[in-house]
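Close look at the chain arrangement
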Protein chains: 2
Amino acid sequence: MKTLSTQDVIYAFSRLNNPVMHVQPGDTVSIETYDCFKNQISSADQEVSAIDWNEINPATGPIFIEGAAYGDLLKVTIDNLEIGDQGVMVTGPELGVMGHRMEKMESKLIPIKDGKAIFNEQLHLPLNPMIGVIGVAPEGEPVSCGTPGAHGGNMDTKLITKGATLYFPVFAEGALFALGDFHAAMGDGEVSVSGIEVPGRATVTFDVIKGLHSKYPVLQNADGVALLVSAMTLDEAVKIAVEEMIDLLLPHTDLTVSEMTMLMSAAGETQISQVVDPLVTVRFFVPQHVLDSLDIKLFV
Amino acid sequence: MKTLSTQDVIYAFSRLNNPVMHVQPGDTVSIETYDCFKNQISSADQEVSAIDWNEINPATGPIFIEGAAYGDLLKVTIDNLEIGDQGVMVTGPELGVMGHRMEKMESKLIPIKDGKAIFNEQLHLPLNPMIGVIGVAPEGEPVSCGTPGAHGGNMDTKLITKGATLYFPVFAEGALFALGDFHAAMGDGEVSVSGIEVPGRATVTFDVIKGLHSKYPVLQNADGVALLVSAMTLDEAVKIAVEEMIDLLLPHTDLTVSEMTMLMSAAGETQISQVVDPLVTVRFFVPQHVLDSLDIKLFV
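Conventions we followed
Every chain's residues receive numbers from 1 upward, in the order its sequence appears when written. Note on labels: chains are lettered from A, ligands numbered from 1, in written order. Selection of residues for local features in this predicted model requires a pLDDT of at least 70, selection of side-chain atom pairs for listing and counting requires 80 or more, and totals for whole chains, interfaces and linings are taken over all residues. As a convention, hydrogens and water are excluded, and side-chain values are obtained from all of the structure's heavy atoms. Put simply, DSSP marks the helices as runs of H or I at least four residues long and the strands as runs of E at least two long, and each gets a number from the N terminus on. Note on method: radius of gyration uses C-alpha positions; expected globular size equals 2.2 Å times residues raised to 0.38. Three exposure classes are used, based on accessible area relative to the maximum for each residue type with a 1.4 Å probe and protein chains only: buried under 20%, partly exposed in between, and exposed over 50%. Any two residues whose heavy atoms approach within 4.5 Å at even a single point are treated as in contact. Computed by Shrake-Rupley with a 1.4 Å probe, the accessible areas treat only the displayed protein chains as cover when residues are assessed. We count Lys and Arg on the positive side and Asp and Glu on the negative side, and we leave His and both chain ends out. One atom stands in for each charge, and that atom is NZ of Lys, CZ of Arg, CG of Asp or CD of Glu. We superpose the copies by least squares over the C-alpha atoms of residues that have a pLDDT of at least 70 in both of them. Classification of ring pairs rests on two measures: the distance between centres of Phe, Tyr or Trp rings, Trp counted by its six-membered ring, which must be within 6.5 Å, and the angle between planes, read as stacked under 30 degrees, edge-to-face over 60 and tilted in between. Distance and angle both matter: a charge sits over a ring if NZ of Lys or CZ of Arg is within 6 Å of the ring centre and within 35 degrees of the ring normal. Note on definitions: buried area is the accessible-area loss of two parts on being combined, 1.4 Å probe, summed for both. Whenever a carboxyl oxygen of Asp or Glu lies within 4 Å of a side-chain nitrogen of Lys or Arg, that contact is scored as a salt bridge. Any pair of N or O atoms that falls within 3.5 Å is considered a polar contact. Within protein, one atom must be able to donate a hydrogen and the other to accept it, and sequence-neighbouring residues count only if both atoms are side-chain atoms. In the scheme used here, Gly and all other residues not listed as nonpolar or charged are polar, with Ala, Val, Leu, Ile, Met, Phe, Trp, Tyr, Cys and Pro taken as nonpolar and Asp, Glu, Lys and Arg as charged. Here, a strand pair is defined by DSSP locating no fewer than two bridges between the strands.

What follows covers the overall build of chain A. Summing up its helical and strand segments, chain A has three helices and 23 strands in all. Relative to a compact globule of 300 residues, whose C-alpha radius of gyration would be 19 Å, chain A shows 19 Å and is just as compact. Out of the 300 residues in chain A, the part that is buried amounts to 61%. At a minimum sequence separation of 6, the contacts of chain A that also span at least 24 residues come to 76%. Accessible surface, chain A as shown: approximately 10,900 Å² in total, 48% of it carbon and sulfur. One finds the centroid of the 17 positive side-chain charges in chain A at a distance of 3 Å from the centroid of its 39 negative side-chain charges.

Here you go:
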């Protein structure tokens with residue numbers, strides 16, 4: 001298995017980035033990641049103001065997947081996800097939903113121990129390890145790793161975890177895949193602006209799908225399928241996510257648009273991923289039993 | 001046990017409505033409800049255009065709870081929820097997220113059979129029976145039963161089901177409680193503008209809590225606590241819901257605002273209830289294990 005270390009990171013997804021590794025479809029790679037602060041916060045006493053804010057959200061990569069070309073889909077299966085044993089959270093003025101109530105930047109170290117995040121003596125939180133930043137080079141200008149979009153990026157979505165398969169639209173030759181920004185735990189919304197940020201290691205397997213397209217990243221797991229949309233507002237993102245999902249499923253069925261819309265209203269779920277990045281991210285989720293009943297197999 | 005039939009319905013929550021029943025704190029009432037179309041759609045051939053749109057979202061009530069006064073909380077526990085065996089969905093132009101793709105109003109009858117909603121021969125959907133409209137008289141002008149708000153109303157929230165306890169701010173003497181608009185199944189978002197609409201019967205127990213207040217409805221179930229906020233946009237509703245929840249929990253803990261915000265970011269969930277009513281509804285949810293760890297018991 002190939003491995004990639006944190007020696008090679010990017011701070012923006014871009015078609016102009018030089019790949020640091022070339023792989024074939026079917027290859028599996030083990031990728032080491034910094035936390036979103038490039039592991040800069042290592043003690044409780046450390047002044048958050050001492051952080052170099054130019055080194056935020058490093059993503060390890062980019063990886064060139066042979067054969068991936070504009071208009072294809074890059075399939076990425078997350079085979080495994082390991083996280084470090086030291087988490088950190090931050091919040092402060094102008095950050096997150098509660099920024100107007102904060103007087104200064106604050107950080108908090110959160111040890112990861114015995115499968116729990118030790119918030120304090122009272123609060124031992126369950127873990128839901130996940131990948132915050134994951135994606136490919138975008139279509140146009142470079143996009144900071146702190147911002148999500150159709151190329152993926154900082155989608156901060158809980159479902160992006162071990163066992164999930166993601167499908168990204170490919171905009172650049174080789175796709176130029178990278179990932180980083182793992183969280184030991186995060187709730188939908190990520191309301192403070194950070195999850196429990198941790199370094200880690202992901203094992204992923206790549207494939208290239210020719211002749212099928214999606215405008216937005218799609219995630220498949222054992223529970224169902226989700227379409228991930230980032231936009232300026234939640235309201236806008238929801239409208240796009242619902243319509244794109246309906247248009248994704250419709251050609252696989254005999255249902256009319258009205259019937260499919262009713263079905264999605266009865267059984268589909270409109271969910272929030274994060275509300276604190278430069279664009280917000282939502283997902284529209286359809287349970288696997290609906291896909292199975294309709295005999296829908298996506299992207300095969 | 002007292003019972004209330006569909007003979008007494010309102011189409012707007014209002015402090016000016018005449019109560020049709022008086023109960024004491026601790027009383028349990030069995031309340032019969034129409035579906036949101038007042039059971040007007042009874043055959044597949046029926047023209048939706050024949051519906052009387054003045055008779056939409058009837059709520060059975062209002063019930064005067066003795067002792068409930070401005071500034072109190074009305075506690076309503078949903079002891080039981082029964083639904084009819086004939087569901088109906090509608091969608092059409094200008095309705096829901098996909099209204100721009102619809103050419104005409106359409107309805108669809110959906111039998112409820114053997115614990116499933118029979119969408120068609122292929123699709124037998126699991127049920128999640130819930131109450132769409134539930135609330136008390138609002139503070140100011142009457143509010144249509146189709147619109148949600150701080151008084152409750154058309155919140156279309158999946159969590160409002162058997163076993164849940166709701167806390168409503170009381171704005172009028174006796175609270176003037178009513179409910180209706182049951183769904184046999186609905187996904188978060190209610191994207192077509194309707195769930196699987198059914199008539200039914202709810203059994204609820206009332207209590208009045210003096211000296212404690214909440215600006216918005218709060219829901220407690222076995223999984224945790226949710227604060228329900230309706231606003232013009234999802235983005236606005238999310239901001240309010242997160243801050244109100246933090247202010248609800250903070251006085252019960254030794255945490256700072258920064259710490260509580262981090263905790264909510266790691267363990268709280270920002271969730272969408274519906275995106276299709278005149279105001280949209282979101283909820284911020286905190287798992288019970290967090291409340292238990294902090295030894296927080298709300299409204300006792």
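That covers the picture; the talk isn't over yet.
On to the relation of the copies chain B and chain A. Expressed as a screw operation, the relation of chain B to chain A combines 0.0 Å of axial shift with a rotation of 180°, fitting to an RMSD of 0.0 Å. This pairing of chains is accounted for by a two-fold axis. Here 100% of the interface residues in chain B have copies in chain A that are interface residues too; the copies meet face to matching face.

This paragraph deals with the packing of aromatic side chains. All names here are of chain A. Per the stated rule, a full pass over the model turns up ten aromatic pairs over all chains. Centre to centre, the rings of Phe37 and Trp53 are 6.3 Å apart; their planes meet at 90°, and the pair counts as edge-to-face. One end of the pair, Phe37, is in the loop between β5 (28-33) and β6 (59-65); the other, Trp53, is in the loop between β5 and β6, and 16 residues separate them in sequence. Judged by relative accessible area, which is 3%, Phe37 ranks as buried. Residue classification places Trp53 among the partly exposed positions, given a relative accessible area of 44%. What links up through ring pairs into an aromatic cluster is the set Phe168, Phe177 and Phe206. Here the guanidinium or amino end of Lys108 rests over the ring plane of Phe119, the centre of that ring lying 4.7 Å away.

What follows deals with the interface of chain B and chain A. Accessible area lost on assembly of the parts is the figure often given for the size of an interface. In this assembly, 59 residues from chain B lie in contact with 59 residues from chain A. Of the roughly 4,900 Å² buried at the junction of chain B and chain A (both faces included), carbon and sulfur atoms supply 65%. Between chain B and chain A we count six salt bridges in total. The closest approach of N and O atoms between A:Arg101 and B:Glu243, which form a salt bridge, is 2.6 Å. Taken together, the connections running from chain B to chain A amount to 28 residue pairs in polar contact (both at pLDDT 80 or more). Every element with two or more residues in the side of chain B that touches chain A is listed here: β8 (86-91), β9 (106-113), β11 (124-126), α1 (234-249), α2 (257-267), β22 (269-274) and α3 (288-293) of chain B. Sort the elements by how many residues they give to the side of chain B that touches chain A and α2(B) lands first, with ten residues. When its residues are assigned to classes, the side of chain B that touches chain A shows 30 nonpolar, 17 polar and twelve charged.

Residues and elements named next belong to chain B. The buried fraction of strand β16 (residues 165-169) is high, at five of five residues. Neither face of β16 is left uncovered, since the one carrying Thr165, Tyr167 and Pro169 and the one carrying Leu166 and Phe168 both have all their residues buried. Where strand β7 (residues 73-83) meets β16, five bridges bridge the pair, whose relative direction is antiparallel. Of the residues in β16, the one forming a bridge with Val76 is Leu166. As paired elements, β16 and strand β20 (residues 218-221) share three bridges and run antiparallel to each other. Residue pairing across strands places Leu166 opposite Leu219, the latter belonging to β20.

Backbone torsion omega between A:Gly61 and A:Pro62 reads 0°, so that peptide bond is classified as cis. Tracing the backbone through its elements, the reader meets A:Pro62 in strand β6. Positive phi values are uncommon outside glycine, yet B:Ala175 reaches one of about 70°. Mapped onto the secondary structure, B:Ala175 falls in the loop between β16 and β17 (177-183).

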